[in-house]
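Summary of the model geometry
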Amino acid sequence: METIKVRYLSDKVSKLEYIGGKSDWIDLRAAEDVELKQGEFKLIPLGVAMQLPAGYEAHMIPRSSTYKNFGIIQANHIGMFDESYCGDNDQWYFPAIAMRDTVIHAGERICQFRIVEHQPRLNFVAVETLGNSDRGGIGSTGVK
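Let us look at the structure shown here. A quick note: this is a predicted structure, and the numbers were derived from the prediction, not measured. (Residues numbered from 1 in each chain as written. Predicted model: local features only at pLDDT ≥ 70, side-chain atom pairs only at ≥ 80, totals over all residues. Heavy atoms only, no water.)

Considerations on the sheet that holds strand β8 (residues 79–82)
The four strands are arranged β2-β11-β6-β8 in an open sheet whose pairing can be described as antiparallel. The outermost strands of the open sheet, each flanked by one partner alone, are β2 (26–29) and β8. Each strand axis lies, on average, 30 degrees off the axis of its neighbour in the sheet, ignoring direction. Here four bridges tie β2 to strand β11 (residues 109–117), and the two strands are oriented antiparallel to one another. When the bridges of β11 are listed, Asp 27 appears paired with Gln 112. (Pairing = 2+ DSSP bridges. Helix = DSSP H or I, 4+ residues; strand = E, 2+ residues; numbered from the N terminus. Axes fitted to C-alpha atoms, helices over the stretch in contact; angles between N-to-C directions.)

Details of the layout of surface pockets
There is about 450 Å³ of room inside the largest pocket. Glu 2, Ile 4, Tyr 18, Ile 26 and Ile 115 are, among the 17 residues lining the largest pocket, the residues nearest its centre. Contributing elements (two or more residues each) for the lining of the largest pocket: β1 (5–8) and β11. Tallying contributions element by element places β11 first for the lining of the largest pocket, with three residues. Here the residues of the lining of the largest pocket sort into twelve nonpolar, one polar and four charged. Forming the boundary of the second largest pocket are Ile 19, Lys 22, Ser 23, Trp 25, Asp 27, Arg 63, Ser 64, Arg 109 and Gln 112. Residues belonging to the lining of the second largest pocket are distributed by class as follows: two nonpolar, three polar and four charged. (1 Å grid on protein atoms, 1.4 Å probe; cavity = no way out; pocket = protein on both sides within 12 Å on 5 of 7 lines; lining within 4 Å. Points joined across faces, edges and corners; volume = space filled by probe spheres on them. Nonpolar A, V, L, I, M, F, W, Y, C, P; charged D, E, K, R; others polar.)

Let's talk about the side chain of Ser 10
By the element assignment, Ser 10 lies in the loop between β1 and β2. The class of Ser 10 is buried, set by a relative accessible area of 15%. A polar side-chain atom of Ser 10 sits 2.9 Å from the main-chain amide nitrogen of Lys 12. With residues near it in sequence (within four places) discarded, Ser 10 still touches Ala 31 and Gly 47. (Buried < 20%, exposed > 50% of the residue type's maximum accessible area, 1.4 Å probe, protein only. Polar contact = N/O pair within 3.5 Å; in protein donor to acceptor, adjacent residues only side chain to side chain. Contact = heavy atoms within 4.5 Å.)

Comments concerning the packing of aromatic side chains
Under the counting rule described, the total for this entry stands at three aromatic pairs. Consider the rings of Phe 81 and Tyr 85, whose centres lie 6.0 Å apart with planes at 25 degrees: the pair is stacked. A centroid spacing of 4.0 Å and a plane angle of 5 degrees characterise the contact between Phe 81 and Trp 92, whose relative ring orientation is stacked. Remark: Trp 92 occurs in the loop between β8 and β9 (93–98) and Phe 81 occurs in strand β8; sequence separation between them is eleven residues. (Phe/Tyr/Trp six-rings, centres within 6.5 Å; stacked < 30°, edge-to-face > 60°.)

As for the nonpolar core
With 23 residues, the main nonpolar core has Leu 28, Ile 44, Ile 72, Trp 92, Phe 94 and Ile 110 as its most contacted residues. For this core, the elements supplying multiple residues, two or more each, are β2, β3 (34–36), β5 (48–51), β6 (56–62), β9 and β11. For Ile 44, the residues in contact, after removing those within four places along its chain, are Ala 30, Val 34, Ile 72, Trp 92, Tyr 93, Phe 94, Ala 96, Ile 104 and Ile 110. (Core = buried A, V, L, I, M, F, W, Y, C linked by side-chain atoms within 4.5 Å.)

What about empty space enclosed by the protein?
Summed over the entire model, instances satisfying the criterion amount to one cavity of 30 Å³ or more. The calculated volume of the largest cavity comes to roughly 110 Å³. Around the largest cavity sit Val 13, Ser 14, Lys 15, Leu 16, Glu 17, Ile 19, Asp 27, Leu 28, Arg 29, Leu 46 and Val 48, which together line it. Here the lining of the largest cavity takes three residues from β2, the largest share from any one element. Broken down by class, the residue content of the lining of the largest cavity amounts to six nonpolar, one polar and four charged.

What follows is the structure in structure tokens.
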């Protein structure tokens, strides 16, 4: 089991923990009250800084209820923190765009993260054929 050092930068966020058997993602909370008007952008502080183990990175995404509850979307659609972002004041932020007027209170869950190993080094080789039959379309359905 890996150990993650966490520095809490706000007393308005709960300590990080797994949500009782529901997922291996971990919720993050707004560290301050935020009021946004439709179309506004804000980096919402999450009240934590972490030191990830060497060779790991964290992927951050909105919770499934974030848009429904707050009307915000994540500006870069996925956030990535690598192990070099590990200073005492390297606070994590959620880059939010308000799609409607909204208020988010300190302590409310707005996003989640998981920690994964870095992708291994890959070697890309150009070929004339992949040797597989075509599905004839786009995505999982194969329909254009």
